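Secondary and tertiary structure notes
Letter by letter, the chains look like this.
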Amino acid sequence: MEKKIILFLLILSISFNYFVSSSSSSSSECHQQISSISEVNPYNMGSLVVIQGTFCLNSTEEIKISFSVPESGSNIAYGLDCDDSLTIDSNGETITCRLSDYYHGTNPVNFTTLASVMVYTPIPVPTPTPSKTPTTSKIGPVPVLGTRNYLFVNSSCPSGCSENGFCDAGNTCRCNQNQASFDCSVRVYNETSLPSPKAVDINTFSMSSSNEEFSVVLSHIIANPSGSPSDISMVSQLSQYAVIGNSSSKNNLYYKLDGTTYTNGKPSSKPWLNLLQYYVSFISVEKPSFSYMVYRGAYLPTSSSAASIQFSPTININYLPSVYFTTNGGATYSMVFKISNQHDSMSGYSTVFSETSNSIALSSGDGKNSLMVISLSDIYSFNQSIAPNHAYLSVLPSSLSSSLISNYDSDSLYVSVNIPSIYSTANQNTYTMQLNINVYDIIDPSTHNKLPQWALGLIVGVSVIIGIIIILVIIKYIKTKRHHYSRINDHHHHGHY
């Protein structure tokens, strides 16, 4: 009996040690990594920074966040700490902090150079292969979005969010209820009642406000060596290429184009656009003023009628002149969206750009009271790595569009996503971008707080009736007084006799 008890205790001890050893081994194999980090302007002290990933701990003890800020015109980089209001969630997946300093170097910040991000923690550095000798050094730097680098942005919350919201992560304005646009400057209503976008064709989707119905299609790609579309640009109409995959539902739209083959099956003469993948997700949120999605650190707003678009053109530089891919750069690829209005022309829409041209607000006139906001993630990827450049939005002027765009429609608006090219020795290179398009009903300031016509008519009618009644009362009062005076006079006459 004693032997059985001893044997049982021995087995129990071995099992316990094995469990502890396995747990310890599993814990030590936790690999820290960063999946995304919000956009940061190094001049904005106190800016909120959100870092998401796997950090293998749930306490901020010994955590340190530091950015390397590159200086223009030199190889100098300054350290910028993010230690204020440091927090980490209970799952060890999200770190937040505020910049505890700001860049004050001699020269301006180089916003087109990738810089390192350091996240120091007390967890040992994970190694690609098991090591018999554990290391005790700290993490720094850890990968950011698949690289060891990060791209700073030269943008901040515009106009103090017009005092209609607050500046949040990624220098994004979080607007108060019934306010919208990138600076919260536009008064909106019906925020939760607009219909969700829907696919209407293989490459087209529609979005609606209460008074307007828009159609959006990615129509052309333009390659230009000088960085802006001109009459020497190389232009490809996307509808001429063969579709090699597509699908659509109430929630999304997807297609893939083969740039080497035309729709009639014949090979393309200059297939510099080798491939294009295009995916649109239709989104509807309950609290649009405070909703956004994150793409590569950019915070893109979403409304009750929103479309999130991701596209990836693959460029074959063998079919472009060498000036397009020199080490000096300068070339730009422009993805052109054709935006049409089913009920009216887009020519009457006014356009307002954000400071860094990563957002456009299109607002209608003529009493239609509709707003479309296009928000671009200016950080984009090149062959699955962050590119050391910022993309930007523009609206092609009608004079240029008519000369560049085949089947040009003067009633449509052509919005261009401009992607600065990256030098590479590879023949084929893929760029990946994302942007969101949101639609709102807006309140025209010139008519805000004004009563509708029927109410004005009612007020006028009631006022006229009241005026007539008052006049009749006055007339009756005067007649009564006259009759009263007449009787008094009669009485006086009778008294004299």
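These numbers come from a predicted model, not from an experiment. (Residues numbered from 1 in each chain as written. Predicted model: local features only at pLDDT ≥ 70, side-chain atom pairs only at ≥ 80, totals over all residues. Heavy atoms only, no water.)

A look at the confidence of the model for the chain
Here the chain averages 83 in pLDDT, and 80% of its residues register 70 or above. Every residue in residues 18-27 is under pLDDT 50, and counting partners more than four places away or in other chains gives 0 contacts. The low-confidence segment residues 127-137, where pLDDT is below 50, has 6 contacts with residues more than four positions distant or belonging to other chains. (pLDDT = per-residue confidence, 0-100. Contact = heavy atoms within 4.5 Å.)

Thoughts on the side chain of Thr432
Inspection of the secondary structure assignment puts Thr432 in strand β31 (residues 428-442). Owing to a relative accessible area of 13%, Thr432 belongs among the buried residues under this scheme. Here the side chain of Thr432 touches Ser312 through a polar contact of 3.0 Å, side chain to side chain. Ignoring any residue separated from it by four or fewer positions in sequence, one finds Thr432 in contact with Tyr295, Gln310, Phe311, Ser312, Tyr380 and Ser381. (Helix = DSSP H or I, 4+ residues; strand = E, 2+ residues; numbered from the N terminus. Buried < 20%, exposed > 50% of the residue type's maximum accessible area, 1.4 Å probe, protein only. Polar contact = N/O pair within 3.5 Å; in protein donor to acceptor, adjacent residues only side chain to side chain.)

As for the state of the cysteines
Tallied over the entire structure, the rule returns 4 disulfides. Put simply, Cys82 and Cys97 are joined by a disulfide, and their sulfur atoms are 2.0 Å apart. Measuring handedness by torsion sign, the sulfur bridge of Cys82 and Cys97 sits at about 105 degrees and is right-handed. One end of the pair, Cys82, is in the loop between β4 (77-81) and β5 (84-88); the other, Cys97, is in strand β6 (residues 94-98), and 15 residues separate them in sequence. The disulfide bridge from Cys157 ends at Cys167, spanning 2.1 Å between sulfur atoms. Here the disulfide of Cys157 and Cys167 is right-handed, its torsion about the S-S bond being about 85 degrees. (Disulfide = S-S within 2.5 Å.)

A short note on the packing of aromatic side chains
We describe a pair of aromatic rings using the distance from one ring centre to the other and the angle between the two ring planes. Scanning the entire structure with this criterion turns up 17 aromatic pairs. Aromatic side chains Phe67 and Phe152 sit 6.0 Å apart centroid to centroid with 65 degrees between the ring planes, which places their arrangement in the edge-to-face category. Of this pair, Phe67 sits in strand β3 (residues 64-70) while Phe152 sits in the loop between β8 (149-150) and β9 (165-168); the two residues are 85 residues apart in sequence, bridging distant segments of the chain. Taking the relative accessible area as the measure of exposure, Phe152 reaches 1% and is therefore buried. (Phe/Tyr/Trp six-rings, centres within 6.5 Å; stacked < 30°, edge-to-face > 60°.)

A look at the pairing of strand β2 (residues 48-54)
For β2, the buried fraction is high: 5 of the 7 residues fall into the buried class. Bridge analysis of strand β1 (residues 33-37) against β2 gives 4 bridges, and the strand direction is antiparallel. The residue bridging Ser36 from the neighbouring strand is Gln52, located in β2. As paired elements, β2 and β6 share 5 bridges and run antiparallel to each other. (Pairing = 2+ DSSP bridges.)

With respect to the pattern of salt bridges
In total, this model carries 3 salt bridges according to the counting rule given. Between Lys64 and Asp83 there is a salt bridge, with the nearest N and O atoms lying 3.7 Å from each other. Highlighted residues: Lys64 in strand β3 and Asp83 in the loop between β4 and β5, separated in sequence by 19 residues. Using a relative accessible area of 32% as the deciding quantity, one classes Asp83 as partly exposed. We note a salt bridge from Asp168 to Arg174, for which the minimum N-O separation is 2.5 Å. Residue class for Asp168 comes out buried when judged on its relative accessible area of 13%. Through salt bridges with shared partners, one network takes in Lys64, Asp81 and Asp83. (Salt bridge = Lys/Arg side-chain N within 4 Å of Asp/Glu carboxyl O.)

Things to note about unusual backbone geometry
We note that Ser162 has phi near 55 degrees; this positive angle belongs to a residue other than glycine. Looking at where Ser162 falls in the secondary structure, it is placed in the loop between β8 and β9. Accessibility expressed as a relative area gives 26% for Ser162, which makes it partly exposed. Even without glycine at this site, Asn407 takes up a positive phi of about 55 degrees.

Re the side chain of Gln434
Counting through the fold element by element, Gln434 comes out in strand β31. Within polar-contact distance, the side chain of Gln434 engages the side chain of Gln310 at 2.9 Å.

Section: the environment of Asn190
Checked against the element boundaries, Asn190 lands in the loop between β12 (186-189) and β13 (198-199). Sequence-wise, Asn190 and Ser210 are 20 residues apart; in three dimensions their C-alpha atoms are separated by 8.6 Å. Leaving out residues up to four positions away in the same chain, Asn190 has contacts with Ser210, Ser304 and Asp441.

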